[in-house]
Amino acid sequence: MHRRLIVPGAFVAALMLAIPASAADYEPGAPGIGDPYYPASGNGGYDVSHYDLRLKYQPKSDLLEGTATIRATTKQDLSRFNLDFGLDVSEVRVNGKKARVTFSGDQEVEITPAAPLPKGSEVTVVVRYAGKPSELEINGYTAWHRTPDGGVAAQEPDSAVWWFPSNDHPLDKATYDVSVQVPNGTQAISNGVLQSTRPVGLDWTRYSWRSDKPQASYLATLAVGKFDITTDRTAGGLPVLNAYSKDLGANEGAAKASIERTGEVAEWLEEVFGPYPFNALGGYVPNVTSGYALETQTRPFYSPKQFASGSNVSVVVHELAHQWYGDSVSVDGWKDIWVNEGFARYSQWLWSEKEGEGTAQELADYVYASHPADDPFWTVKPGDPGPENQFDIAVYDRGALALQALRNEIGGKAFFEILKGWPAEHAYGNAKVSDFVKYAEKVSGKPLAALFDTWLYEPAKPSAPAAAGVGVARAADAEQPKSWKKIARTNTVHEH
């Protein structure tokens, strides 16, 4: 015999609201965030607000031990979720309780909490792990650089998976505390402001760093080694910390002659892009064999090879420009890389104008003339280059040509208004190429889709250079910020 309990409708409604969703209503978070270039990058179902990384690193053995505490909010009813990570995981706890851990592929850590997580829940995830980052290869490479006295994490588009578990995509930015225990006589360099340095027993020292503004996971950096460290403050009071490996050899003088101008360059870039978006700045040069530089947030990474031919302030300009274009305003997806690299390259051309080493117009004309119509350079589409061409020179140089074309189309006044307004409009967020096009049209009052199609998307050399000639460039010069000095005109191209 079945008995049916009849209660007033209002009570039934209240009762239903009090009952949590059944287990069948909870689903796993996606193993990727949806980026078509890198399907495995990032994860679905949650948003991270803060990473607290407590690490111990032994330079001689390259052994990294860590406890990552991750604060996140669920975006759906979650039965399980993924983190991107490659080292060995010994334990995971979710809201204090042990979770089940399985692994999928090279970088997917699948975590099933003891109880499902309702949408909108604040979650604390603790991951204990250890391993040797230099021995970890994902997609055939490692983003961890071994140095004679330690190790460095700095790579794009991935580096986090080599040293901490994360939601590894620029769409999920977070704040960071990074605390690293290293042997005495060795330093640990990371992003943001150094909060403390304190001894741990007789043989170890702990360095604690904080980044208090949203930061993409690939922009988090760690460098352990023996460094010469310089500190200063900008005219506006921002702390500047630079670090140089003690064994840079002949490149040391040129590196310091360049990077010690960081504060000066940042003050100039504020005239171009608006207020500096973070609470610290600087740079570091570890003794690595790679040749690139990277805009790691507040403290760019520079290979010693960037200074092999002498001082190279231009690369400092490039990486600091990224603090606005790439770090504060990050890509929505990796196809939007032009919003990073085209602007950073163009900032080098503007610095050349400011230093009297050639106008942006002259550099644009030089780049245009240097690549004949049948050069594969013109087949790369900066607005959507594909993962295989994401860091092709065309994304940088053809990307900068697009900005020179825009400058000549709308005039210097509107152009420089856009350069300042865009990073303010999207500060600490993410944006697409199409968002920039719409913003430029709004500010200039002109239809610009055809111009951007020509310079960013057509796989062919445009029929005319990105200008109406040097006369236009001279007219635009008069619309630059008044503090810029009068320029000389030479053919100088700065390579990143």
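Structure: see above.
What counts and how
Residues numbered from 1 in each chain as written. Predicted model: local features only at pLDDT ≥ 70, side-chain atom pairs only at ≥ 80, totals over all residues. Heavy atoms only, no water. Salt bridge = Lys/Arg side-chain N within 4 Å of Asp/Glu carboxyl O. Buried < 20%, exposed > 50% of the residue type's maximum accessible area, 1.4 Å probe, protein only. Helix = DSSP H or I, 4+ residues; strand = E, 2+ residues; numbered from the N terminus. Contact = heavy atoms within 4.5 Å. Pairing = 2+ DSSP bridges. Phe/Tyr/Trp six-rings, centres within 6.5 Å; stacked < 30°, edge-to-face > 60°. Lys NZ or Arg CZ within 6 Å of the ring centre and 35° of its normal.

What the rule picks out here adds up to 17 salt bridges. For the salt bridge of Glu91 with Lys98, the shortest nitrogen-to-oxygen distance reads 3.9 Å. When its relative accessible area of 55% is taken as the criterion, Lys98 is described as exposed. A salt bridge links Arg407 to Glu353, with the nearest nitrogen and oxygen atoms 3.3 Å apart. With Arg407 in helix H7 (residues 393-410) and Glu353 in helix H5 (residues 338-355), the pair connects residues that are 54 residues apart, well separated along the chain. Judged on exposure class, the residue Arg407 and its partner Glu353 are both buried. Taken together, the shared-partner salt bridges connect Glu91, Arg93, Lys98 and Arg128 into one network.

For Gly291, the location among the structural elements is in the loop between strand E18 (281-285) and strand E19 (293-294). Relative accessible area serves as the criterion here: at 38%, Gly291 is assigned to the partly exposed category. A sequence separation of 14 residues divides Gly291 from Lys305, and the C-alpha atoms of the two residues are 5.3 Å apart. Discounting chain neighbours no more than four positions away, the residues touching Gly291 are Ser303, Lys305 and Gln306.

Note: strand E16 (residues 227-233) against strand E17 (residues 239-245), 7 bridges, orientation antiparallel. Looking at the pairing, Ile229 lines up with Ala243 of E17. As consecutive antiparallel partners, E16 and E17 are separated by 5 residues, and within that stretch Gly237 has a phi angle of approximately 95 degrees, a positive value.

For the structure shown, the criterion picks out 33 aromatic pairs. A centroid spacing of 4.9 Å and a plane angle of 25 degrees characterise the contact between Tyr51 and Tyr176, whose relative ring orientation is stacked. Of this pair, Tyr51 sits in strand E1 (residues 46-58) while Tyr176 sits in strand E11 (residues 174-183), and the two are 125 residues apart along the sequence. Of the residues examined, Tyr51 reaches a relative accessible area of 0% and is grouped as buried. Ring geometry for Tyr276 against Trp324: centres 5.5 Å apart, planes inclined by 80 degrees, an arrangement best described as edge-to-face. In this pair, Tyr276 is assigned in the loop between helix H3 (262-273) and E18 and Trp324 in the loop between helix H4 (313-321) and strand E21 (330-331), connecting sequence segments 48 residues apart. Residue Trp324 is classed as buried on the basis of its relative accessible area, which comes to 2%. Counting every residue linked through ring pairs, the aromatic cluster contains Phe273, Tyr276, Phe278, Trp324, Tyr325, Trp338, Phe343, Trp422, Tyr428, Phe436, Tyr439 and Phe452. For Lys56, the ring lying beneath its charged end belongs to Trp204, and the centroid distance is 4.5 Å.

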